[in-house]
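# A closer look at the structure
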Amino acid sequence: MSLNSFIFKKMCTKSDRKRDAGLTTPPEIRRFDDIQYGKNRKWQIMDVYRPKAAKGRLPVIVSFHGGGWTYGTKETYQFYCMELAKRGFAVVNFTYRLAPKYRHPAPYHDTNAVFRWVLKNADKLGFDTDNIFAVGDSAGAMGIALYACMVTDSEYAKNYKFRIPEGLKIKGLGLNCGIYDIFKEDSVGTLKDYLPKKYPLSLLKQLNVVDNVTADFPPCFIMTSNEDFLNYQSPLLAEKLDRLGVKYVYKVYGDENNPLSHVFHCNVKSADAAAANDDECAFFKGLIK
């Protein structure tokens, strides 16, 4: 692991522990923990959260966590994901294999296995598979956007050895504080620990979201904030979707009197996070027919 990634992980760990200090499972949420979705008992595990008062099938949100491909687990994102569940969704919060031990395309194999599990276990956990949504932040926004490219473009999917589950449709995406053009601001450097040690230059274009979205890409809620260090990235994706005719909402939260930082929406103690998550979930509900 590079020194920069080591420092990044320490910084994130300290910040996230402070953010979530004192939080417990909301009384209105029922959780199903440590479900194994693959053979790796350490990494291929997930939680599912449902509002206790809800009966029957619920629309599903699958969360692809951020962390620069080197940091984060379902535990890091549990409170954020339970907040989404409180808004009337069954939420799937999964851990995936991290770099530098596991490099590209390991996270996509894991993500594909999660969606396959969701379809297979829909009856058991009350998933409405006609209304599957997904969210991701930072590297997770890049990750879930590229997975959506696989789902919506069979030619692009041929870059990967696994098969997309038959019948899978992602109804909408929440892309939060993400990176969508790795060629801007030398963002390729942030993937150093994630990319294979030797790779063709064509792989970079394959991993560039704005180069691979098509007119069949899912409707998107794209959010960033005024002090997000990646806030220059979101309009790049919005502009591309606009040219393609893909439905989207693009929002920037915070202002000079209320500065909001990268992935502010994960702090469930914050009223600003609640407002942003309300908006995103309302966008999803507006896509349900």
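Everything below is about the structure printed above this text.
Definitions and cut-offs
- Residues numbered from 1 in each chain as written.
- Predicted model: local features only at pLDDT ≥ 70, side-chain atom pairs only at ≥ 80, totals over all residues.
- Heavy atoms only, no water.
- Pairing = 2+ DSSP bridges.
- Helix = DSSP H or I, 4+ residues; strand = E, 2+ residues; numbered from the N terminus.
- Axes fitted to C-alpha atoms, helices over the stretch in contact; angles between N-to-C directions.
- Contact = heavy atoms within 4.5 Å.
- Buried < 20%, exposed > 50% of the residue type's maximum accessible area, 1.4 Å probe, protein only.
- 1 Å grid on protein atoms, 1.4 Å probe; cavity = no way out; pocket = protein on both sides within 12 Å on 5 of 7 lines; lining within 4 Å.
- Points joined across faces, edges and corners; volume = space filled by probe spheres on them.
- Nonpolar A, V, L, I, M, F, W, Y, C, P; charged D, E, K, R; others polar.
- Parallel < 35°, antiparallel > 145°, perpendicular 65-115°, else oblique.
- Left-handed = near helix turned anticlockwise from the far one by under 90°.
- Phe/Tyr/Trp six-rings, centres within 6.5 Å; stacked < 30°, edge-to-face > 60°.
- Right-handed = clockwise from strand over helix to strand, strands pointing away.

## Some remarks on the sheet that holds strand 6 (residues 170-176)
- One open sheet accounts for 8 strands, arranged 1-2-4-3-5-6-7-8; its pairing is mixed. Each edge of the open sheet is held by one strand with a lone partner, namely strand 1 (29-36) and strand 8 (248-253). Here the strands of the sheet are splayed against their neighbours by 20 degrees on average, with no regard to which way each runs.
- Judged from the 6 bridges that link them, strand 1 and strand 2 (residues 45-51) form a sheet pairing that is antiparallel. Each residue of the ladder has a partner; that of Arg30, found in strand 2, is Arg50.
- Packing of helix 2 (residues 78-85) onto the sheet brings it into contact with strand 1, strand 2, strand 3 (58-64), strand 4 (90-94), strand 5 (127-137) and strand 6, and relative to strand 2 it is tilted by some 35 degrees.

## Comments concerning unusual backbone geometry
- With an omega of 5 degrees, the peptide bond between Ala99 and Pro100 qualifies as cis.
- As for its placement among the helices and strands, Pro100 is situated in the loop between strand 4 and helix 3 (106-120).
- For the bond running from His104 to Pro105, omega is 10 degrees, close enough to zero to count as cis.
- Summarising the element assignment, Pro105 is placed in the loop between strand 4 and helix 3.
- Look at Trp69: it is not a glycine, yet its phi comes out positive at around 70 degrees.
- Of note in the backbone geometry, Cys177 takes a positive phi value of approximately 55 degrees without being a glycine.
- Structurally, the position occupied by Cys177 is in the loop between strand 6 and helix 7 (202-206).
- The buried category is assigned to Cys177, whose relative accessible area is 0%.

## Brief notes about the environment of Leu175
- With respect to the helices and strands, Leu175 occurs in strand 6.
- Distance from Leu175 to Ala141, taken between C-alpha atoms, is 5.0 Å for residues 34 residues apart in sequence.
- Apart from the residues lying within four places of it in its own chain, the contact partners of Leu175 are Gly136, Ala141, Ile144, Ala145, Tyr180, Cys220, Phe221, Ile222, Met223, Leu237 and Glu280.

## Some remarks on the layout of surface pockets
- Put simply, the largest pocket is a space of about 930 Å³.
- Along its surface, the largest pocket is lined by 39 residues, and Phe8, Cys12, Ser138, Phe229 and His262 are the ones closest to its centre.
- Considering each element in turn, the lining of the largest pocket owes the most residues, 8 residues, to helix 1 (residues 3-20).
- Quantified by volume, the second largest pocket comes out at close to 240 Å³.
- Forming the walls of the second largest pocket are Val151, Thr152, Lys169, Ile170, Lys171, Asp216, Phe217, Pro218, Pro219, Gly286, Leu287 and Lys289.
- Mapped by element, the contributors of at least two residues to the lining of the second largest pocket are helix 5 (139-152) and strand 6.
- Residue classes in the lining of the second largest pocket are distributed as 6 nonpolar, 2 polar and 4 charged.

## Re the packing of helix 3 against helix 5
- Look at helix 3 against helix 5: their axes get within 11 Å of each other, and the N-to-C directions meet at 65 degrees. Judged by the inter-axis angle, helix 3 sits roughly perpendicular to helix 5. Where helix 3 crosses over helix 5, the handedness of that crossing is right-handed. Mapping the contact onto sequence places Tyr108, Thr111, Asn112 and Phe115 in helix 3 and Met142, Gly143, Ile144, Leu146, Tyr147 and Met150 in helix 5.
- In terms of residue class, the contact of helix 3 with helix 5 is made up of 7 nonpolar, 3 polar and no charged.

## Structural notes on the packing of aromatic side chains
- The final tally for this structure, using the stated rule, is 20 aromatic pairs.
- Summarising the aromatic geometry, the rings of Phe64 and Tyr96 are spaced 4.8 Å apart at their centres and angled 55 degrees between planes, so their arrangement reads as tilted. Residue Phe64 is located in strand 3, and its partner Tyr96 is located in the loop between strand 4 and helix 3; the two are separated by 32 residues in the primary sequence.
- On the basis of relative accessible area, Phe64 is assigned to the buried category, the value being 0%.
- The class of Tyr96 is buried, set by a relative accessible area of 0%.
- Members of the aromatic cluster, each reached through a chain of ring pairs, are Tyr37, Phe64, Trp69, Phe94, Tyr96, Tyr108, Tyr156, Tyr160, Phe162 and Tyr194.

## As for the pairing of strand 7 (residues 220-225)
- Burial of strand 7 is extensive: 6 of the 6 residues sit out of reach of the surface.
- The alternating pattern of strand 7 places Cys220, Ile222 and Thr224 on one face and Phe221, Met223 and Ser225 on the opposite face, and all of these are buried.
- Sheet topology note: the strand 6/strand 7 ladder contains 4 bridges and is parallel. The residue bridging Gly174 from the neighbouring strand is Phe221, located in strand 7.
- Two elements, strand 7 and strand 8, share 6 bridges in a ladder whose sense is parallel. Note on strand 8: the bridge partner recorded for Phe221 is Val249.
- Running through helix 9 (residues 234-244), the crossover from strand 7 to the neighbouring parallel element strand 8 is right-handed.

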